[in-house]
Amino acid sequence: MDLYGFPAWIRIEHWINVLFVTLLVRSGVEIIATHPKLYWHDDSRPGSEWARFTRKTMPRDRLYDTLDEEESYSPLVSLPGRRKLGMGRHWHFFAAILWVLTGAVYIALLFATGQWRRYVPASWAIFPQAWHDLVTYLSFRLPSRLPGEPFDALQKLAYALVIFVLAPVAILTGLAQSPAVDARFPWYLRLWGGRQRARSVHFLVLLAFLAFTAVHLLMIAVWGWGRENSLMLFGHGDAPAAGLWVSLVVIAAIVAVNAAVTVWSLRRPRSVQRVLGAVVTAVRRALLRPAVSRQRYPRAAVSARHRVNGRPPDSETYKIMAVHGFAPWRLTVGGLVENPLVLTLEDLRALDGRQSQCVLHHCIQGWSSVGEWAGLPLRDLIGLVRPLPQARYVCFLTMQDTGRDEPGAPGEGHFYEIVDLRLARHPQALLAYELNGGPLPIEHGAPLRLRLETQLGFKMAKWIHDIEFVSDYRLVGHGMGGWREDNVYFDMEVEI
Amino acid sequence: MGTAGGHEIRRGPLATVVLRYTGLGRLAGLLEYFAFALPRTTTTAGVTLLAGLGAVHAYLIADATADPAYLIAYRELIAAGASAAAVLMTLRRPARAGWWLGSAVSAVALAVHLVSRTAGLPRMPQLIGRWDCPLGTVTMGAAALFLALHGSVLAGVNVAFPRRRDWHD
Amino acid sequence: MDGARTGLSEIVPLGDEQRERVRARLRAGHGACPACGSEDLGIGDALFLGFAFLSEPADAYMVGLTCPNPSCPVTYTGIRLRASEFLDQ
Ligand SMILES: [Zn+2]
């Protein structure tokens, strides 16, 4: 027997890890289904993707938006499948939090017990030894284990790579896709070469995990499925028959958990949204809510074509407003305020304090673009209308009628989003009426849209015509804090 | 809305029959979900695999001088073929011919290796059953991977230099 | 979306000749203000509708009309035209 053995905590961690990794992989596939294209550059320019996992092609002569590009994958490969980004995100973040905690405990115990030596090479001599082991495997023979250790040299290096390189890179590239992290620490995103590079690396890490798992399973089969599982289940290799059967039971249990959460997510999405959302929101509030955007991209970084999500209001009123340069448009600001206002676009432009910001737009689907937005800081408007003490949230009502304008999207009614007053007072919370030096284009929300640079794109309502200060978001719509929260089960606070 | 057009590959009647009755049609449908725009990476991978295949055979020429003359000539042929294919693949016009030559060389190397270990080659009965030879495993691996890679190019999953994707989206 | 087309969802300024063709279309139909009946509506610019709006045909435009009557309740209106009805080509 070796010096290290398989203590109970290693065995428990191993099987918990298997469960979380299956949940992470499947929910990750659900997330990529929503924008099944990978890029190297942060403008996500259509056609510049290096990989795509879709059979759809987009029209050339019509406005299409990124909702049209979404794929619907089978629940066999994605959690929960069938184009449920909101559910996929809840599971991905919930599993990620538990997986990171499991990993932290694992690393702590590794170093506390001296077990780290089973993975960390003690000398450079491991590399020639690993080469020798590789040649042995290529001869279809099994190499001998390192003296007094549970693994051969190649195996030891492979595990070290997965635990100390792949897992941390997965976590770090995941964080690099968070709008709050990127907005607060722009240098961190530059470290990865941008959000799309981080996203691409995140995907390559997935492939590496899948390749590792395939080889791992093959090697267990080659070395003896029963004996290896006996080690990982009972801590000794003396019960191969029990190892075989119990391992099959454990794998069946992991499959059953996956099936159960899939069915739960497809049948009772609101309950998943509330339960998992509570856990994820608590962690997100503690870690990411305090972040304030410090983005200042150079003008040279502006994307030639900023991608579009959502279709403009297909109404006669809106088209007549647009052809007249939005002269007939009025912005109503009311609700729990001392000084309700009705403003024209000219009034808005005439207000002092016009602010411009060149920033990275983070879409929930995964794409990004850089644009320079200009308009009125939201805090200036808040100062003008003077919210009453009981006002806690700001509701942005838009002219987009989703049933009419987005027939492919689930749900109906006018699009709206709600943010709390604290977020509305952020320095880069902006009511934008310009993009890249020109008037705000129709597909980007003309005449007025919201910019919240620590949040994902869907919170930044476009085609706004009414702003209401309210005491409680639960009284509006289905009470989840916005149209997407109500209809596609997104979180209300989206720092990631 | 998006149209599910995908890659437009024209198929003849024979291909249609084969795809329909072998289940390969479903596989082809699945493959349409995967497309990469990495022509240089693809070609580099192909060239590397052929270089490995060629290097193994060149090494054997130098190492196993006592083998029958036909076997040495065969190894020279494989090494030369693999090298020529690798060079052609990096040139603009003959790149496609290079890929086909590489596939031919790989298929021959794979077949000869398998025959040498099973039925046996003339005057080389000692090779039968000798699977425990790392260079042989490298030969099989490189040849099979090259064939798979070329297959992915033909199936439209990958593109190889000098072709590019003309995705507008 | 296609780069060459991105600008097409925005405003197209009209020249005199095009405005004249719009005016002819107005005279042919009931070219009066729907709210107050004023004739002699001001003709503004055109907005291409075919790209950004789901329900519109590919060659649809909206031309802005402004009522000259200061007491009219609906100053801003518009007329929907096909490209061939008022644009050259
Ligand atoms: Zn009038």
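Since the model is a prediction, treat every value here as computed from it, not as a measurement.

Asker: Residue-level account of the sheet that holds strand E4 (residues 341-343) of chain A, with values.
Answerer: Residue and element names in this part refer to chain A. Sheet architecture is open: 5 strands sit in the order E4-E3-E12-E7-E8, paired in mixed fashion. Of all the strands in the sheet, the pair left with one neighbour each is E4 and strand E8 (414-420). For this sheet, the mean angle separating the axes of adjacent strands, direction not counted, is 15°.

Asker: Now, about the pairing of strand E12 (residues 464-470) of chain A: what can you tell me, with residues and values included?
Answerer: Residue and element names in this part refer to chain A. With 5 of its 7 residues buried, E12 lies for the most part within the structure. When strand E3 (residues 331-335) meets E12, the two strands line up parallel, connected through 4 bridges. Looking at the pairing, threonine 332 lines up with aspartate 466 of E12. In this sheet, E12 lies alongside strand E7 (residues 393-401) in antiparallel orientation, the contact comprising 6 bridges. If you follow phenylalanine 396 over to E12, its bridge partner there is isoleucine 467.

Asker: Explain the UniProt feature "transmembrane region" (unreviewed entry) in chain A residue by residue, including any values.
Answerer: Mapped onto the present numbering, the UniProt feature "transmembrane region" (unreviewed entry) falls on residues 91-112, 157-180, 201-225 and 245-266 of chain A. Taken as a whole, residues 91-112 of chain A contains 100% helix and 0% strand, while its terminal C-alpha atoms sit 31 Å from one another.

Asker: So what's going on with the nonpolar core? Which residues, and what values?
Answerer: All names here are of chain A. Grouped together as the largest cluster of nonpolar side chains are 72 residues, with contacts concentrated most on Phe396, Ile467 and Phe469. Discounting residues that sit within four places of it in the chain, phenylalanine 396 has contacts with Leu378, Phe415, Tyr416, Glu417, Val419, Leu431, Leu450, Ala461, Ile464, Asp466 and Ile467. In this structure, Phe20, Leu110, Val272 and Cys358 belong to the second largest nonpolar core, which totals 48 residues.

Asker: Account for the packing of helix H3 (residues 39-63) of chain B against helix H4 (residues 69-89) of chain B, with residues named and values stated.
Answerer: Residues and elements named next belong to chain B. Here H3 crosses H4 at 160°, and the two axes come no closer than 8 Å. By the criterion of interaxial angle, the relationship of H3 to H4 is roughly antiparallel. The way H3 lies across H4 gives a crossing that is left-handed. Counted together, Thr43, Gly46, Val47, Leu50, Gly54, His57, Ala58, Leu60 and Ile61 of H3 and Ile72, Tyr74, Arg75, Glu76, Ile78, Ala79, Ala82, Ala85, Ala86 and Met89 of H4 form the full contact between these two elements. Partitioning the contact of H3 with H4 into residue classes produces 13 nonpolar, 4 polar and 2 charged.

Asker: Kindly report on a nonpolar patch on the surface, identifying the contributing residues and their values.
Answerer: Residues and elements named next belong to chain B. A cluster of nonpolar side chains, Leu14, Val18, Leu24, Leu27, Leu30, Leu31 and Phe34, forms an exposed patch at the surface whose accessible area comes to about 610 Å². At the level of secondary structure, the elements contributing two or more residues to the nonpolar patch comprise helix H1 (13-22) and helix H2 (24-31). It is H2 that contributes the most residues to the nonpolar patch, 4 residues altogether. On the secondary structure map, leucine 24 appears in helix H2.

Asker: Tell me about the interface of chain A and chain B, and please be specific about residues and values.
Answerer: In many analyses, interface size is given as the accessible surface area lost on bringing the parts together. Contacts between the two partners involve 27 residues from chain A and, on the opposite side, 24 residues from chain B. Carbon and sulfur atoms supply 57% of the area that chain A and chain B bury against each other, a total of about 2,300 Å² over both sides. Seen at the junction of chain A and chain B, the total is 1 salt bridge. A salt bridge links B:Glu32 to A:Arg55, with the shortest nitrogen-to-oxygen separation between them at 3.6 Å. Between chain A and chain B we count 6 residue pairs in polar contact (both at pLDDT 80 or more) in total. Elements with a contribution of two residues or more to the side of chain A that touches chain B: strand E2 (51-52) and helix H3 (126-138) of chain A. Direction of pairing for E2(A) relative to strand E1 (residues 35-36) of chain B: antiparallel, over a ladder of 2 bridges. Within E1(B), the position partnered with A:Arg52 by the bridge is B:Ala35.

Asker: Quick rundown of the coordination of the zinc ion? Include the residues and the values.
Answerer: Residues and elements named next belong to chain C. Looking at the zinc ion, the protein donor atoms are Cys33 (SG), Cys36 (SG), Cys67 (SG) and Cys72 (SG), and they sit 2.2 to 2.5 Å from it. All donors to the zinc ion come from one chain, and their sequence spacing reads C-x2-C-x30-C-x4-C. With cysteine 33 in the loop between helix H1 (16-28) and strand E2 (42-48) and cysteine 67 in the loop between strand E3 (60-66) and strand E4 (76-82), this pair connects stretches of sequence that are 34 residues apart. In terms of burial, cysteine 33 and cysteine 67 fall into one category: buried.

Asker: Any chance you could break down unusual backbone geometry for me, citing the residues and the numbers?
Answerer: Here the amide bond leading from A:Ala446 into A:Pro447 is cis, since omega sits at 5°, within 30 degrees of zero. You can see A:Pro447 is positioned in the loop between strand E10 (438-439) and strand E11 (449-451). Across the junction of B:Phe161 and B:Pro162, the peptide omega takes the value 0°, indicating a cis bond. Mapped onto the elements of the fold, B:Pro162 is located in the segment after helix H6 (134-154). At B:Arg123, a position not held by glycine, the phi torsion is positive, near 60°.

Asker: Could you give an account of the domain arrangement of chain A, with specific residues and numbers?
Answerer: Residues and elements named next belong to chain A. On domain assignment, one finds that chain A holds domain 1 (8-35 + 70-287) and domain 2 (299-487). For domain 1 and domain 2, the distance between their C-alpha centroids amounts to 40 Å. Taken together, the contact pairs 20 residues of domain 1 with 18 residues of domain 2. Here domain 1 meets domain 2 over a buried area of about 1,400 Å², counting both sides, of which 54% is carbon and sulfur. Per-residue buried area on domain 1 facing domain 2 is highest for His35, Pro179 and Arg195; these three make up 37% of the total on that side. There are 0 salt bridges connecting domain 1 and domain 2. Connecting domain 1 to domain 2 are 11 residue pairs in polar contact (both at pLDDT 80 or more). Elements represented by at least two residues in the side of domain 1 that touches domain 2 include exactly helix H2 (85-113), helix H5 (179-184), helix H7 (195-234) and helix H9 (269-287).

What counts, and at which threshold
Residues numbered from 1 in each chain as written. Chains lettered and ligands numbered in written order. Predicted model: local features only at pLDDT ≥ 70, side-chain atom pairs only at ≥ 80, totals over all residues. Heavy atoms only, no water. Pairing = 2+ DSSP bridges. Helix = DSSP H or I, 4+ residues; strand = E, 2+ residues; numbered from the N terminus. Axes fitted to C-alpha atoms, helices over the stretch in contact; angles between N-to-C directions. Buried < 20%, exposed > 50% of the residue type's maximum accessible area, 1.4 Å probe, protein only. UniProt positions renumbered as here; feature names shortened; annotations may be inferred. Core = buried A, V, L, I, M, F, W, Y, C linked by side-chain atoms within 4.5 Å. Contact = heavy atoms within 4.5 Å. Parallel < 35°, antiparallel > 145°, perpendicular 65-115°, else oblique. Left-handed = near helix turned anticlockwise from the far one by under 90°. Nonpolar A, V, L, I, M, F, W, Y, C, P; charged D, E, K, R; others polar. Patch = residues over 30% accessible without salt bridge, like charges linked within 9 Å, V, L, I, M, F, W, Y side chains within 5 Å. Areas by Shrake-Rupley, 256 points an atom, 1.4 Å probe, with all protein chains shown as cover. Salt bridge = Lys/Arg side-chain N within 4 Å of Asp/Glu carboxyl O. Buried area = accessible area lost by both parts, 1.4 Å probe. Polar contact = N/O pair within 3.5 Å; in protein donor to acceptor, adjacent residues only side chain to side chain. Donors = N, O, S within 2.8 Å, 3.2 Å for Na, K, Ca; no water. Domains from an automatic or database assignment.

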